[in-house]
Amino acid sequence: KLPENYREWVYLTTGFDMSYSAAASMGHHMFDNVFVNPEAYKTFVKTGTWPDKTMLVLEVRGAQGKGSINQKGNYQSDRMGLEIHVKDEARFPGQWAFFGFDDDKTAKMTPTSASCYTCHSAHGAVDTTFVQFYPTLLPIAKEKNTLSAAFLKELPQPAQK
């Protein structure tokens, strides 16, 4: 079920026109807003890891460029999509699952064969999540030494002397 009042949860970040494929062309601009349930956020701040029952909500909104007095830049408009990344160690293989909402009530689990699972596993900075895009949490993960080995391999290496 869609968590009620998820927009009152802890706001983590907004991406603009993000894509994980160099060839992707959307034909329109988008904002990606990410929220996390407050209990999970508090645990992450303390430990640098996500507890069981973490829920990350990805809200995709269109971008408008012209409207009212706006002359430059973009602002958020209608919701275009809604996904949730859920950690449930007892329920899901790999502990995490993705759900996409077609309406505001119930979601369908994304099959584990979908590329989002392997991508998150291969590139997620902490526990298959993209903490590297959450500017308030990345420093915590660095400090707590919880960054994944896969993510650390992607960081630029210092030049050898």
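Conventions we followed
Residues numbered from 1 in each chain as written. Predicted model: local features only at pLDDT ≥ 70, side-chain atom pairs only at ≥ 80, totals over all residues. Heavy atoms only, no water. Phe/Tyr/Trp six-rings, centres within 6.5 Å; stacked < 30°, edge-to-face > 60°. Helix = DSSP H or I, 4+ residues; strand = E, 2+ residues; numbered from the N terminus. Buried < 20%, exposed > 50% of the residue type's maximum accessible area, 1.4 Å probe, protein only. Core = buried A, V, L, I, M, F, W, Y, C linked by side-chain atoms within 4.5 Å. Contact = heavy atoms within 4.5 Å. Pairing = 2+ DSSP bridges. Axes fitted to C-alpha atoms, helices over the stretch in contact; angles between N-to-C directions. 1 Å grid on protein atoms, 1.4 Å probe; cavity = no way out; pocket = protein on both sides within 12 Å on 5 of 7 lines; lining within 4 Å. Points joined across faces, edges and corners; volume = space filled by probe spheres on them. Nonpolar A, V, L, I, M, F, W, Y, C, P; charged D, E, K, R; others polar. Polar contact = N/O pair within 3.5 Å; in protein donor to acceptor, adjacent residues only side chain to side chain. Salt bridge = Lys/Arg side-chain N within 4 Å of Asp/Glu carboxyl O.

Caption draft 1: Here's a closer look at the packing of aromatic side chains. Going through the model one piece at a time under the given rule, you end up with seven aromatic pairs. With 4.9 Å between their ring centres and 85 degrees between their planes, F98 and Y117 make a pair best called edge-to-face. Note that F98 is positioned in strand β5 (residues 96–101) and Y117 in helix α2 (residues 115–123), a separation of 19 residues in sequence. With respect to class, F98 is no different from Y117; both count as buried. An aromatic cluster of at least three residues, connected via ring pairs, comprises Y6, Y11 and F35.

Caption draft 2: Region of interest: the nonpolar core. Ranked by internal contacts, the top residues of the largest apolar core, which has 18 residues, are L12, F44, W50, V126, V131 and L137. Examining the composition of this core, we find that three residues originate from one element, helix α3 (residues 138–144), more than from any other. Ignoring sequence-local partners within four residues, the contact set of F44 consists of T49, W50, V126, V131, L137, I140 and A141. Core analysis: the next-biggest nonpolar cluster, separate from the first, contains 14 residues, F35, I84, V86 and F92 among them.

Caption draft 3: Spotlight on the sheet that holds strand β6 (residues 107–109). Strand order in the open sheet formed by six strands is β1-β2-β3-β4-β5-β6, with antiparallel pairing between adjacent strands. In this open sheet, the two edge strands, each paired with only one partner strand, are β1 (10–16) and β6. Strand-to-strand twist across the sheet, computed as the mean angle between neighbouring axes with direction ignored, equals 25 degrees. Of the strand pairs in this sheet, β1 and strand β2 (residues 30–36) are connected by six bridges, and their pairing is antiparallel.

Caption draft 4: Local environment of the layout of surface pockets. Reported here for the second largest pocket is a volume of approximately 180 Å³. If you go around the second largest pocket, the residues you meet are K1, K53, M55, I84, V86, K87, D88, R91, F92, F99, F101 and A107. Broken down by secondary-structure element, the contributors of at least two residues to the lining of the second largest pocket are β4 (75–87) and β5. At three residues, the largest contribution of residues to the lining of the second largest pocket is made by β4. Of the residues contributing to the lining of the second largest pocket, the split by class is seven nonpolar, no polar and five charged.

Caption draft 5: Structural context of the pairing of β2. Counting buried positions along β2 gives seven out of seven residues, so the element sits mostly inside the fold. Both faces of β2 are covered, namely the face carrying M30, D32, V34 and V36 and the face carrying F31, N33 and F35. In this structure, β2 lies alongside strand β3 (residues 55–64), joined through seven bridges in antiparallel fashion. Note that in β3 the partner of F31 across the bridge is R61.

Caption draft 6: Region of the structure containing the environment of W50. Structurally, W50 can be placed in the loop between α1 (38–47) and β3. Take W50: its relative accessible area is 2%, and that puts it in the buried class. Remark: the alpha-carbon pair of W50 and V126, spanning 76 residues in sequence, is separated by 8.1 Å. Among the polar contacts made by the side chain of W50, one reaches the side chain of T129 at a distance of 2.8 Å.

Caption draft 7: Spatial organisation of the pattern of salt bridges. Within the structure shown, the criterion is met by six salt bridges. Where E89 meets K87, a salt bridge forms, and the shortest distance between an N and an O atom there is 3.7 Å. When the shortest N-O distance is used, the salt bridge between K87 and D127 registers 2.7 Å. Of this pair, K87 sits in strand β4 while D127 sits in the loop between α2 and α3, and the two are 40 residues apart along the sequence. Look at K87 and you get buried, because its relative accessible area is 5%. Through salt bridges with shared partners, one network takes in R7, E59 and R61.

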